[in-house]
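Residues per chain, in single letters:
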Amino acid sequence: MENFSTEKLIEGIRAGDKRMLGKAITLVESKKAEHRDQAEKLLKEIMPHTGNSVRIGITGVPGVGKSTFIESFGKLALAHGKKVAVLAVDPSSTVNKGSILGDKTRMEELAKEPNAFIRPSPTSGFLGGIANATFETMLICEAAGYDFILIETVGVGQSEVLVSDISDVFLYLKIIGGGDELQGIKRGIMEMVDVIFINKVDDDNMLKAKATKVELQRALHFLPPKEKDWKIPVLLGSALNQTGLDGVYEKIIEFVQLKKEHGTFEQIRSVQAEKRFDYWVQQLILQKTREDRSAENLYTIYKKNASDLKANPVSEAKNFVAQLFGR
Ligand SMILES: Nc1nc2c(ncn2[C@@H]2O[C@H](COP(=O)(O)OP(=O)(O)OP(=O)(O)O)[C@@H](O)[C@H]2O)c(=O)[nH]1
Ligand SMILES: [Mg+2]
């Protein structure tokens with residue numbers, strides 16, 4: 001990696017230089033200790049210029065049309081005079097790099113726009129690390145003046161939770177039918193969602209789409225409200241034909257306004273930051289333990305007790321931590 005001074009990178013970011021933006025992101029994605037040190041210095045410097053975007057998480061099963069939606073919605077936001085950055089949390093990309101290539105071609109037009117910036121998901125590391133790189137990338141994009149940050153996640157495993165934990169608005173894309181909500185399969189997602197968009201709706205399947213909408217609204221009715229006075233809207237349209245997207249745009253703006261009025265916009269960001277802090281405290285304590293020979297030995301002993309199935313894992317963890325801290 002070509003080396004740039006922190007000052008030079010910050011100058012470039014603040015000037016909206018996409019090449020420098022890319023360099024800074026490569027830096028926060030790096031696992032090398034010296035890169036990490038520089039990344040943290042850079043993030044500290046840009047911190048006062050962050051926080052001014054709307055962070056939008058987008059999820060839905062593979063193939064539902066997330067990338068197509070982002071391309072169309074991104075262009076709509078540009079038409080409203082917004083600067084748009086697109087990021088991704090894609091755990092599958094570590095195994096299968098195909099989806100990144102696919103996204104690049106799907107967002108071809110958006111990628112050409114001067115006020116849009118697209119960054120494929122980081123390709124290495126564990127999910128927590130990937131989500132952290134995405135969060136830091138988001139901060140850098142905010143310092144560069146991007147108003148909307150769109151974060152795509154594949155609806156698999158833990159990635160939605162991680163994206164929900166860095167978003168202000170969580171958008172769920174769905175296709176017609178399914179009934180999965182009623183079976184509770186997607187209940188976890190339904191509890192995170194703020195806006196639902198039923199995609200791939202045209203004149204031919206409008207009736208079915210409306211039936212799905214009713215079914216969804218019924219399922220949502222049983223969930224406790226996530227935000228006071230907010231009824232989760234279920235909207236219909238087509239990302240490909242660019243219909244129904246104005247409604248999504250309006251609802252997102254409305255939701256953000258409501259949260260700001262309630263004071264929950266900042267409050268939830270604080271809770272998210274606390275969660276991230278706790279997560280990294282755990283990660284780093286564990287890492288320090290692994291680096292300290294005697295602590296590592298203790299760890300191995302207590303873990304073995306648990307894995308032998310002769311002792312309760314919780315008790316062994318307690319005993320280990322008590323020993324570690326000398327009490
Ligand atoms: N008919 C129709 N097809 C659509 C629509 N939106 C997306 N598609 C198509 O659905 C396919 C998948 O779209 P993507 O945007 O790649 O979906 P995705 O959710 O990003 O997929 P993954 O990233 O693989 O999870 C593509 O062939 C799109 O052209 C739509 O509104 N109508
Ligand atoms: Mg995609």
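Calculation rules
Residues numbered from 1 in each chain as written. Chains lettered and ligands numbered in written order. Predicted model: local features only at pLDDT ≥ 70, side-chain atom pairs only at ≥ 80, totals over all residues. Heavy atoms only, no water. Helix = DSSP H or I, 4+ residues; strand = E, 2+ residues; numbered from the N terminus. Buried < 20%, exposed > 50% of the residue type's maximum accessible area, 1.4 Å probe, protein only. Contact = heavy atoms within 4.5 Å. Areas by Shrake-Rupley, 256 points an atom, 1.4 Å probe, with all protein chains shown as cover. 1 Å grid on protein atoms, 1.4 Å probe; cavity = no way out; pocket = protein on both sides within 12 Å on 5 of 7 lines; lining within 4 Å. Points joined across faces, edges and corners; volume = space filled by probe spheres on them. Nonpolar A, V, L, I, M, F, W, Y, C, P; charged D, E, K, R; others polar. Donors = N, O, S within 2.8 Å, 3.2 Å for Na, K, Ca; no water. Pairing = 2+ DSSP bridges. Axes fitted to C-alpha atoms, helices over the stretch in contact; angles between N-to-C directions. Core = buried A, V, L, I, M, F, W, Y, C linked by side-chain atoms within 4.5 Å. Patch = residues over 30% accessible without salt bridge, like charges linked within 9 Å, V, L, I, M, F, W, Y side chains within 5 Å. Salt bridge = Lys/Arg side-chain N within 4 Å of Asp/Glu carboxyl O. Parallel < 35°, antiparallel > 145°, perpendicular 65-115°, else oblique.

1. Considerations on the overall build of the protein
Item 1. Per the secondary structure count, the protein includes 14 helices and 7 strands.
Item 2. By residue count, 47% of the 327 residues in the protein fall in the buried class.
Item 3. Within the protein, counting contacts between residues at least 6 apart in sequence, those at least 24 apart form 76% of the total.
Item 4. Roughly 17300 Å² of accessible area belongs to the protein as shown, and the carbon and sulfur atoms make up 54% of that amount.

2. Considerations on the layout of surface pockets
Item 1. If you add up the space inside the largest pocket, you get close to 1100 Å³.
Item 2. Along the wall of the largest pocket there are 36 residues; nearest its centre are Arg36, Glu40, Asn132, Glu136 and Trp280.
Item 3. Breaking the lining of the largest pocket down by element, the ones donating at least two residues are helix H2 (18-29), helix H3 (33-46), helix H7 (127-143) and helix H12 (264-291).
Item 4. Sort the elements by how many residues they give to the lining of the largest pocket and H12 lands first, with 12 residues.
Item 5. Partitioned by chemical class, the residues of the lining of the largest pocket number 14 nonpolar, 11 polar and 11 charged.

3. Observations regarding the coordination of the magnesium ion (ligand 2)
Item 1. The coordination sphere of the magnesium ion (ligand 2) contains the protein donors Ser67 (OG) and Glu152 (OE), at a distance range of 2.1 to 2.3 Å. Here the residue Ser67 occupies a position in helix H4 (residues 66-79), and Glu152 occupies one in strand E4 (residues 148-153), the gap between them amounting to 85 residues. Taken as a pair, Ser67 and Glu152 share a single burial class, namely buried.

4. Description of the pairing of strand E2 (residues 84-89)
Item 1. Burial of E2 is extensive: 6 of the 6 residues sit out of reach of the surface.
Item 2. Burial of the side chains of E2 extends over both faces: Val84, Val86 and Ala88 are buried on one face and Ala85, Leu87 and Val89 on the other.
Item 3. Pairing between E2 and strand E3 (residues 116-118): 3 bridges, direction parallel. When the sheet's bridge partners are listed, Ala85 is paired in E3 with Phe117.
Item 4. Bridge count for E2 against E4 is 6 bridges, and the pairing is parallel. Opposite Ala88, over in E4, you have Glu152 as the bridge partner.

5. Section: the sheet that holds strand E6 (residues 195-198)
Item 1. Pairing in this open sheet of 7 strands is parallel, and the strands run E3-E2-E4-E1-E5-E6-E7 from one edge to the other. If you trace the sheet from one side to the other, it starts and ends with E3 and strand E7 (234-236), each paired once. In this sheet, neighbouring strand axes are inclined to one another by 20° on average, regardless of whether the strands run parallel or antiparallel.
Item 2. Sheet strands touched by helix H11 (residues 245-262): strand E1 (54-59), E4, strand E5 (169-174), E6 and E7. Its angle to E5, the strand with the most contacts, is close to 155°.

6. Let's talk about the nonpolar core
Item 1. Formed by 46 residues in total, the largest nonpolar core has its most connected members in Ile56, Phe69, Phe73 and Ile196.
Item 2. The element that contributes the greatest number of residues to this core is H11, accounting for 7 residues.
Item 3. Setting aside chain neighbours within four positions, we find Ile196 in contact with Tyr172, Met190, Leu216, Leu220, Ile232, Pro233, Val234 and Leu235.
Item 4. In terms of nonpolar packing, the next biggest core, distinct from the first, is built from 33 residues, Ala39, Val89, Leu139 and Met192 among them.

7. Observations regarding a nonpolar patch on the surface
Item 1. On the surface, a nonpolar cluster with roughly 270 Å² of combined accessible area is contributed by Phe277, Val281 and Ile285.
Item 2. Along the chain, Ile285 turns up in helix H12.
Item 3. Taking relative accessible area as the criterion, Ile285 reaches 42% and is therefore assigned partly exposed.

8. Some points on the pattern of salt bridges
Item 1. Tallied over the full model, the rule gives 13 salt bridges.
Item 2. One salt bridge in this structure joins Glu40 and Arg36, with 2.9 Å as the shortest N-O distance. Residue Glu40 and its partner Arg36 are located together in helix H3, separated by 4 residues, close to a single helical turn.
Item 3. The salt bridge involving Asp194 is made with Lys226; its shortest N-O contact spans 2.9 Å. Of this pair, Asp194 sits in the loop between helix H9 (187-190) and E6 while Lys226 sits in the loop between helix H10 (206-221) and E7, placing them 32 residues apart in sequence.

9. A closer look at the packing of H11 against H12
For any two helices packed against each other, one specifies the inter-axial angle together with the distance between the axes.
Item 1. One way to put it is that H11 packs onto H12 with a least axis distance of 5 Å and a crossing angle of 85°. Judged on the interaxial angle alone, H12 and H11 are roughly perpendicular. In contact with Val256, Lys259, Lys260 and His262 of H11, H12 contributes Thr264, Phe265 and Ile268.
Item 2. Here the residues of the contact of H11 with H12 are counted per class, giving 3 nonpolar, 2 polar and 2 charged.

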